[in-house]
Amino acid sequence: MYDVWKNALAEIEQQISAANFSTWFQDTSLISTANGNIIIGVKNSFFVKQLRNRYLDIITTALKNNNITINTIDFEVQAKVKSKVRPREVIAGKDPIKERVKAIRNTNDMKSVLSNGLNQKYTLDNFVIGSNNDLAVSAAKSIIAAPGTRYNPFFLYGGPGLGKTHLVQAIGNELLKKDPNLKVFYTPISHFYSDFIDAIQNGKGKEFNRKFQKLDVLIIDDFQFIVNKEKSQEEFFNIFNDLFLLNKQIIVTSDRLPSQIKTVDECLASRLTWAGAFDLQLPKFEDKCAILRAKADLMGAEVEPEAIEYIAENVNTNIRDLEGEFSTILLMSEVRGLTPLELIENGSVSVNKTTKLRPTSPKQIVEKVAKYYNLSVKEMTGKSRIAHIKTARQVAMFLLSNELKLSTNKIAAEVGVKDHTTVMHGIKKIKQDLKLNFTLRDQIEEIKEKIYG
Ligand code: ADP
Ligand code: MG
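Residues numbered from 1 in each chain as written. Chains lettered and ligands numbered in written order. Predicted model: local features only at pLDDT ≥ 70, side-chain atom pairs only at ≥ 80, totals over all residues. Heavy atoms only, no water.

(A) Here's a closer look at the overall build of the chain. From N to C terminus, the chain includes 21 helices and 8 strands. When each of the 453 residues of the chain is scored for burial, the buried share is 49%. The contacts in the chain between residues at least 6 apart in sequence include a share of 72% that link residues at least 24 apart. When the accessible surface of the chain is split by element, carbon and sulfur atoms take 51% of a total near 23400 Å². (Helix = DSSP H or I, 4+ residues; strand = E, 2+ residues; numbered from the N terminus. Buried < 20%, exposed > 50% of the residue type's maximum accessible area, 1.4 Å probe, protein only. Contact = heavy atoms within 4.5 Å. Areas by Shrake-Rupley, 256 points an atom, 1.4 Å probe, with all protein chains shown as cover.)

See below:
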């Protein structure tokens, strides 16, 4: 019985998102299959409704695929599981519910990975498009429409938890949906290495190489972990070139541009961004709300708009954290029988995930920007119209506004310009340039590191 259910669960897991799977199927069991009357054990009546309404078809198919005859399917609340979730017992400073929620969340990492490295839970349908990722998504769509043509290689970069893996896996999955015969392979660079080293040690270097040469689409994740082992970097470069020359699609993600990874060969670095580099940025408030609304829909959960806004407002790190906080609240809401907003209002949850930046001062920002551009503060805040000095001044304005939220009048005083419209213009100019000018983007990131580092 246990094995049947385990197999059925493995199948179900392939078909729904990891979050849904761990929320709805985590504590289920198969109690009986006698005479085709299936009884599935769940932890409380809330789950009965959800499973019946949303997953009956999937459950039925999964059981049938495991040769179970089905007349009826019923759900039964199991007392053992139920007693585990009695609310409001705080023992020795540890809230058991929070502990449980944490444990369930950890199982979110359960991966259902196919031999091509793809996890079917990552689709384009469940990737919310917003101002933080629209350019990258439109490139992804054109790759799905015609792989190996326009954006090849496709280089996608951005900080952790912003959706790189999701987006490139989605490209792979969508391509396979269109053409199941396509040979797609996804691998984090670290696995590429260890596989390569294994192959060499077992005298199977040629086979390794051949396997890659046969691919139509190669997806390499977390390229920043490339190591400075000449041989393996050379191997990667060779495979890259072979595929590239055959117009096979290459997709690479990284947390930064190749030129910023010290161990990467210059020539390889420039090849990787040959067709441009796309990045994923931190989501804005509206983007975060849209993502949360989509997640709520997917999970069939009703969440008050105010609760969504509260979470969006308070998670400023990345989308992974945003999802994490959200599923914690949903689980607590289910366990405690309160709505998300009620939980927030009665203080049961307090979300506060913010990138921890050390406080800084206007003076420090101005100094660091000047230094970065090899200027003295006096030069930078003077009247010079020379292009690079003007740019430095505008970067300072931008950072004073973005990091310290100073008013344009205050900024004007800090950078030595007469009126605040010049400041407004300067900030707007930098914001606009940031959309396409990757060098500028990197410079600003580096300056920020210097300010806070
Ligand atoms: P990265 O690879 O950049 O570290 P991931 O792709 O692992 O980030 O994304 C972290 C989590 O956030 C994943 O669960 C992913 O599904 C989710 N996520 C990221 N971006 C989006 C988006 N635009 N819409 C929906 N979910 C997203
Ligand atoms: Mg990733």
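Now that the structure is up, let's keep going.
(B) Expanded view of the site of ligand 1. Around ligand 1 there are 17 residues in total, and Val128, Gly161, Thr165, His166 and Glu323 lie nearest to it. In this structure, an oxygen atom belonging to ligand 1 sits 2.7 Å away from a main-chain N or O atom of glycine 161. A distance of 3.2 Å separates an oxygen atom of ligand 1 from a polar backbone atom of leucine 162. For ligand 1, whose accessible area on its own is 560 Å², the fraction buried by protein is 92%. (Near = heavy atom within 4 Å. Polar contact = N/O pair within 3.5 Å; in protein donor to acceptor, adjacent residues only side chain to side chain.)

(C) Expanded view of the sheet that holds strand β1 (residues 29-32). Spatial strand order, β1-β2-β3: 3 strands in an open sheet with mixed pairing. Two strands lie at the open edges of the sheet, namely β1 and β3 (72-77), each paired on one side alone. Here the average twist between neighbouring strands, direction ignored, is 35°. Where strand β2 (residues 37-42) lies against β3, 6 bridges are found, and the strand directions are parallel. Bridged to isoleucine 38 within β3 is isoleucine 73. (Pairing = 2+ DSSP bridges. Axes fitted to C-alpha atoms, helices over the stretch in contact; angles between N-to-C directions.)

(D) Layout of helix α9 (residues 205-213). Restricting attention to buried positions, one finds in α9 the residues Gly205, Phe208, Asn209 and Phe212. All buried residues of α9 fall inside an arc of 95° around its axis, so they share one side. Its buried side turned inward, α9 meets β5 (184-188), α8 (189-201), β6 (217-221) and α10 (230-245). (Arc of directions from axis to C-beta.)

(E) Representation of the sheet that holds strand β4 (residues 154-157) within the structure. With respect to topology, 5 strands assemble into an open sheet ordered β5-β6-β7-β4-β8, the strand pairing being parallel. Both edges of this open sheet fall to β5 and β8 (277-279), since each of them pairs with a single strand only. Ignoring strand direction, the axes of neighbouring strands in this sheet form an average angle of 15°. Pairing of β4 with β8, which is carried by 3 bridges, proceeds in the parallel orientation.

(F) Representation of the packing of aromatic side chains within the structure. On inspection of all chains with the given rule, the structure shows 16 aromatic pairs. On the numbers, 5.3 Å between centres and 65° between planes, the contact of phenylalanine 25 with tyrosine 55 is edge-to-face. Highlighted residues: phenylalanine 25 in the loop between α2 (18-24) and β1 and tyrosine 55 in helix α3 (residues 45-65), separated in sequence by 30 residues. Residue classification places phenylalanine 25 among the buried residues on the basis of a relative accessible area of 1%. Here a set of aromatic residues connected by ring pairs shows up, and it is made of Phe185, Phe192, Tyr193, Phe196, Phe208, Phe212, Phe223, Phe236, Phe240 and Phe244. Lying across the ring of tryptophan 274, arginine 271 places its NZ or CZ 5.9 Å from the centre. (Phe/Tyr/Trp six-rings, centres within 6.5 Å; stacked < 30°, edge-to-face > 60°. Lys NZ or Arg CZ within 6 Å of the ring centre and 35° of its normal.)

(G) Main features of the pattern of salt bridges. Per the counting criterion, the structure on display carries 9 salt bridges. For aspartate 433, the salt bridge is made with lysine 429, and the minimal N-O distance between the two is 2.8 Å. Here the residue aspartate 433 and the residue lysine 429 both occupy positions in helix α20 (residues 420-436), the gap between them amounting to 4 residues, near one helical turn. Since its relative accessible area comes to 26%, aspartate 433 is described here as partly exposed. The salt bridge involving lysine 448 is made with glutamate 445; its shortest N-O contact spans 3.8 Å. Residue lysine 448 and its partner glutamate 445 are both found in helix α21 (residues 438-452); the two are separated by 3 residues, about one turn of the helix. Within this structure, Glu403, Glu445 and Lys448 form a network of salt bridges that share partners. (Salt bridge = Lys/Arg side-chain N within 4 Å of Asp/Glu carboxyl O.)

(H) Structural detail: unusual backbone geometry. The omega torsion across asparagine 152 and proline 153 is -5°, close enough to zero to call that bond cis. With respect to the secondary-structure elements, proline 153 resides in the loop between α6 (134-145) and β4. The phi angle at asparagine 247 is positive, at roughly 60°, despite the residue not being glycine. Within the secondary structure, asparagine 247 sits in the loop between α10 and β7 (249-254). When its relative accessible area of 53% is taken as the criterion, asparagine 247 is described as exposed. Phi at asparagine 374 is positive, roughly 55°, even though this residue is not glycine. Among the structural elements, asparagine 374 can be located in the loop between α16 (362-372) and α17 (377-380). A relative accessible area of 71% places asparagine 374 in the exposed class.

(I) Here's a closer look at the environment of threonine 381. Mapped onto the elements, threonine 381 comes out in the loop between α17 and α18 (387-404). Sequence spacing of threonine 381 and arginine 393 is 12 residues, and the spatial spacing of their C-alpha atoms is 6.6 Å. Apart from the residues within four sequence positions on either side, threonine 381 is in contact with Val366, Arg393, Glu414, Val415 and Gly416. Looking at threonine 381, its side chain comes within polar contact range of the main-chain oxygen of valine 377, at 2.7 Å.

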